[in-house]
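The chain contents come next:
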Number of protein chains: 2
Amino acid sequence: MQNSSTLSRTETWRLLLLVGAGLGVLVNTFQGDGAPLIASIALTCISFAVAYSMIRWLGPVFIKAGLKGKDMAKPRKPEIPETMGAVCAVVYLLSLIVFIPFAFYKDIVAATSGGGNRDVVIEDQHIEMGRYLHRFPHGKLASYLSGLLSLQCIVILGIGDDLLDIRWRHKVLIPAFSAIPMLIVYFVDFGVTHVVVPVPLQAYLGAFIDLGWLYYMYMAAVAIFCPNAINMFAGINGIEVAQSLVIAVQLLFNDALYLAPVTPYPNPATDSHLFSIYFLLPFIGVSAALLCHNWYPSKVFVGDTYCYFAGMVFAVVGILGHFSKTLLLLFVPQIFNFLYSTPQLFHIIPCPRHRLPKFNAATGLLETSVTEWTVPPSPLVALALEILHKLRLVRVVKNEGGQIIESTNLTILNLWLVWMGPMREDTLAWHMVGVQTVCGLVGLFVRHRLALLVFNTDNLSFQSMA
Amino acid sequence: MQNSSTLSRTETWRLLLLVGAGLGVLVNTFQGDGAPLIASIALTCISFAVAYSMIRWLGPVFIKAGLKGKDMAKPRKPEIPETMGAVCAVVYLLSLIVFIPFAFYKDIVAATSGGGNRDVVIEDQHIEMGRYLHRFPHGKLASYLSGLLSLQCIVILGIGDDLLDIRWRHKVLIPAFSAIPMLIVYFVDFGVTHVVVPVPLQAYLGAFIDLGWLYYMYMAAVAIFCPNAINMFAGINGIEVAQSLVIAVQLLFNDALYLAPVTPYPNPATDSHLFSIYFLLPFIGVSAALLCHNWYPSKVFVGDTYCYFAGMVFAVVGILGHFSKTLLLLFVPQIFNFLYSTPQLFHIIPCPRHRLPKFNAATGLLETSVTEWTVPPSPLVALALEILHKLRLVRVVKNEGGQIIESTNLTILNLWLVWMGPMREDTLAWHMVGVQTVCGLVGLFVRHRLALLVFNTDNLSFQSMA
């Protein structure tokens with residue numbers, strides 16, 4: 001039998017081939033005109049291979065260090081390494097750092113007079129030529145670095161959370177702290193806080209409205225929401241990584257729309273969406289590597305670190321790429337899960353430590369987990385639960401006296417099991433991937449088609465400019 | 001008896017007072033002209049208070065998470081929390097991030113035409129007025145952020161090291177990876193790689209020489225050396241933090257020379273040294289807080305994280321402040337310790353896992369620790385050890401046959417004990433603080449007085465311009 005912490009011969013050769021191809025493309029890219037998009041794809045392949053191998057190799061080291069957990073939804077409850085998301089995140093961060101000279105290279109060589117003499121700067125217009133250069137002006141560097149800083153912050157605090165078992169109400173603040181570098185650099189570097197007003201309201205508010213510090217509150221809220229939302233939509237093998245991958249691929253698809261030949265060029269949003277692509281591609285690489293180990297039956301757990309990190313990647317691209325509203329359209333299942341959970345989060349309904357579906361060892365299937373009402377609910381809560389039960393949004397069990405003795409936990413996973421009945425863990429994960437995909441596609445359709453009903457122009461501008 | 005994880009009433013009031021004063025100054029600073037130097041001092045006070053409290057509060061949490069170690073140089077070998085440097089580092093990073101708008105604030109308000117409209121930029125010259133503005137042009141932001149990125153990198157990897165017990169030959173690479181963001185941004189952002197040639201060589205090489213990629217190798221070497229050097233000069237209570245504090249204060253003194261009224265203004269090096277001050281002040285704050293808990297008898301250990309982090313702070317200010325040679329002059333004890341250790345590092349002399357001085361429970365004093373020669377040394381090594389013994393640079397013990405059976409471990413702490421005889425742990429720590437201080441002061445004297453013998457002008461320019 002193959003050792004669980006080494007790569008098989010086939011795996012080794014495939015990964016080496018991938019790294020070799022990536023490095024080849026990378027060297028070629030750097031020598032020539034330096035197309036950053038190609039370089040980013042090459043780095044993505046390399047990141048995948050490195051993350052894949054590191055996760056495999058570090059398994060026993062993590063277990064030895066006490067970073068391990070029991071998989072409760074398996075007959076034998078095996079103990080497997082925990083917090084592997086940290087490995088992903090470190091590989092991802094290094095790949096984004098190594099990418100810097102590819103994204104900003106042209107500026108040093110062509111835009112300065114040489115010898116580090118930055119006084120004499122040729123204007124940007126002289127350099128940016130042609131549609132497919134895909135490179136950023138130097139001024140975007142601070143913005144890129146601030147995104148990186150926020151991501152590193154959340155990795156540090158996420159690891160702290162995984163290690164120290166921080167209390168729930170302190171956990172929520174982790175993304176808030178991590179958002180600070182991004183918001184501060186936004187403030188210092190750019191500081192645009194006015195937004196376009198929807199057409200029906202323009203008569204009252206004008207075409208633009210300056211939200212001022214409210215805009216910062218909004219950005220902070222997005223940055224706090226995304227990581228916590230992904231962390232909350234967890235509990236079965238592979239679900240954290242799979243939902244993140246679906247969101248990332250759909251964001252990438254949305255970005256690609258702005259670069260496709262059908263879109264008029266130059267488009268003011270091109271740079272922002274390139275920015276987003278460069279952050280998303282390596283994320284997809286390392287997440288795919290993690291999913292290979294984390295999909296049912298899991299060989300490793302991802303830890304809160306991964307959930308925070310993934311959510312922060314989305315917040316960074318949404319905020320710095322200026323499409324946070326579109327981003328939220330792809331978070332519909334997470335938003336639903338959060339709203340649906342609120343009665344338990346605010347302890348209107350008792351909240352056990354873990355709300356994940358329950359494994360039935362006899363059938364091998366997952367069933368809904370329940371809250372047991374040791375003290376019967378107040379009449380108001382009982383009424384609300386009755387109504388939700390009628391609407392099939394929760395399932396309650398009563399004793400012979402008609403009193404509620406248990407109700408299903410309020411998570412989207414349990415709700416799905418209420419609707420669909422018990423199912424295998426991997427089937428449930430696949431269903432959730434389906435839900436995420438369908439919701440996301442509807443969201444993108446709304447964004448690009450229906451938004452024209454309330455805004456003058458889609459910034460993609462198929463209609464208005466093509 | 002006072003609980004070891006809570007603050008006493010006196011401590012609470014003092015810290016609250018400190019935070020209150022700091023916040024007051026900060027708010028005032030931000031409202032008025034915004035003097036960043038004052039803000040930095042205020043943030044330093046706040047960082048001290050926060051780090052001091054957090055270290056105290058988190059003790060039991062760290063122990064519960066398995067982050068603990070035994071203090072072998074105490075009669076009872078108490079178990080105390082480990083890796084507390086990570087707490088320091090996080091407080092430090094947050095304070096540097098919060099400081100960004102103070103250092104770069106003027107640019108947004110005065111240097112842009114408002115409303116986030118960054119197209120119309122008033123030239124820097126129009127804004128920088130007066131000697132004591134102490135603010136950076138916007139272009140320095142990327143450099144500041146890259147320093148932060150490198151520090152965050154080393155904190156992430158340092159925590160990984162403390163947790164996972166990484167092998168020695170992999171450990172050395174941790175600072176190398178962490179230096180990447182700083183070097184890459186240096187490359188993209190600035191890229192100056194020429195250095196001034198000493199006068200005696202100018203006839204052959206010209207006034208400047210462009211080192212090209214060699215300069216990057218040099219910077220990487222500095223960034224790898226500093227963290228490892230501090231990590232190597234460890235082993236007794238408080239020594240890691242105390243040496244770092246001495247170096248930081250001396251660097252601060254050196255920086256202050258460039259801002260003092262005796263120095264002509266504008267001086268090309270002023271900005272670089274302000275940069276250094278802004279990075280060093282909060283470092284001194286959090287390190288002082290850590291030292292309060294880590295000085296003999298230690299209540300907490302600092303972990304490799306602190307050593308790496310401290311070394312990287314010095315590497316960042318040395319490299320981005322362009323005074324890496326001066327920096328190395330303050331590292332003389334560390335350089336000596338490293339060179340002195342090399343025979344053991346390269347296994348010419350056997351190297352036990354730990355080389356710290358040995359605690360003698362009978363006397364309560366520290367004594368030299370020794371390498372035992374189970375196999376007698378080769379004639380060449382034996383001869384070298386004999387000579388070093390004669391020079392009092394090592395102490396060997398021979399058996400009746402004249403063969404070496406043990407020799408003292410090659411660290412500066414053991415050497416000092418060879419010279420001075422056994423002593424209490426805190427006395428040894430104080431002696432080392434003295435050594436570090438004296439060496440540093442000599443180094444600074446050399447830098448500012450004797451350097452004029454080989455260079456045309458000290459960039460402090462007391463003589464040439466005043």
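Remember, predicted model here, so these are calculated numbers, not experimental data.

Reading guide: rules and limits
- Residues numbered from 1 in each chain as written.
- Chains lettered and ligands numbered in written order.
- Predicted model: local features only at pLDDT ≥ 70, side-chain atom pairs only at ≥ 80, totals over all residues.
- Heavy atoms only, no water.
- Helix = DSSP H or I, 4+ residues; strand = E, 2+ residues; numbered from the N terminus.
- Buried < 20%, exposed > 50% of the residue type's maximum accessible area, 1.4 Å probe, protein only.
- Contact = heavy atoms within 4.5 Å.
- Areas by Shrake-Rupley, 256 points an atom, 1.4 Å probe, with all protein chains shown as cover.
- Pairing = 2+ DSSP bridges.
- Expected span 1.5 Å × (residues − 1).
- Bend = angle between axes of the 7 residues up to and from the residue.
- Axes fitted to C-alpha atoms, helices over the stretch in contact; angles between N-to-C directions.

### Here we look at the overall build of chain A
Logical step 1: For chain A, the count of helices and strands is 18 helices and nine strands.
Logical step 2: When each of the 466 residues of chain A is scored for burial, the buried share is 53%.
Logical step 3: For chain A, the proportion of contacts with a sequence separation of at least 24, taken over those separated by at least 6, is 72%.
Logical step 4: Roughly 20,500 Å² of accessible area belongs to chain A as shown, and the carbon and sulfur atoms make up 67% of that amount.

### Overview of the environment of B:M54
Logical step 1: Structurally, B:M54 is set in helix α2 (residues 36–64).
Logical step 2: B:M54 sits 48 residues away from B:T6 along the chain, and the two C-alpha atoms are 9.7 Å apart.

### With respect to the pairing of strand β9 (residues 404–408) of chain A
All names here are of chain A.
Logical step 1: With three bridges joining them, strand β7 (residues 370–372) and β9 adopt antiparallel strand pairing. Residue pairing across strands places E372 opposite E406, the latter belonging to β9.
Logical step 2: As paired strands, strand β8 (residues 396–398) and β9 are joined by three bridges and run antiparallel to one another. Note on β9: the bridge partner recorded for V396 is S407.

### Some points on helix α7 (residues 173–189) of chain A
All names here are of chain A.
Logical step 1: For α7, which comprises 17 residues, the first-to-last C-alpha distance of 25 Å matches the rise-based estimate of 24 Å (1.5 Å per residue) to within 8%.
Logical step 2: Where α7 bends most, at I180, the angle is about 35°, and the proline P181 comes one to four residues later.
Logical step 3: Buried residues dominate α7, accounting for twelve of its 17 residues.
Logical step 4: Along α7, the residues that are buried comprise I174, P175, S178, A179, P181, M182, L183, I184, V185, Y186, V188 and D189.

### Observations regarding the sheet that holds strand β7 (residues 370–372) of chain B
Residues and elements named next belong to chain B.
Logical step 1: Spatially, β7-β9-β8 is the arrangement adopted by the three strands of the open sheet, whose pairing is antiparallel. Because the sheet does not close on itself, it has two edges, and the strands there are β7 and β8 (396–398). In this sheet, adjacent strand axes meet at a mean angle of 20° when their direction is disregarded.

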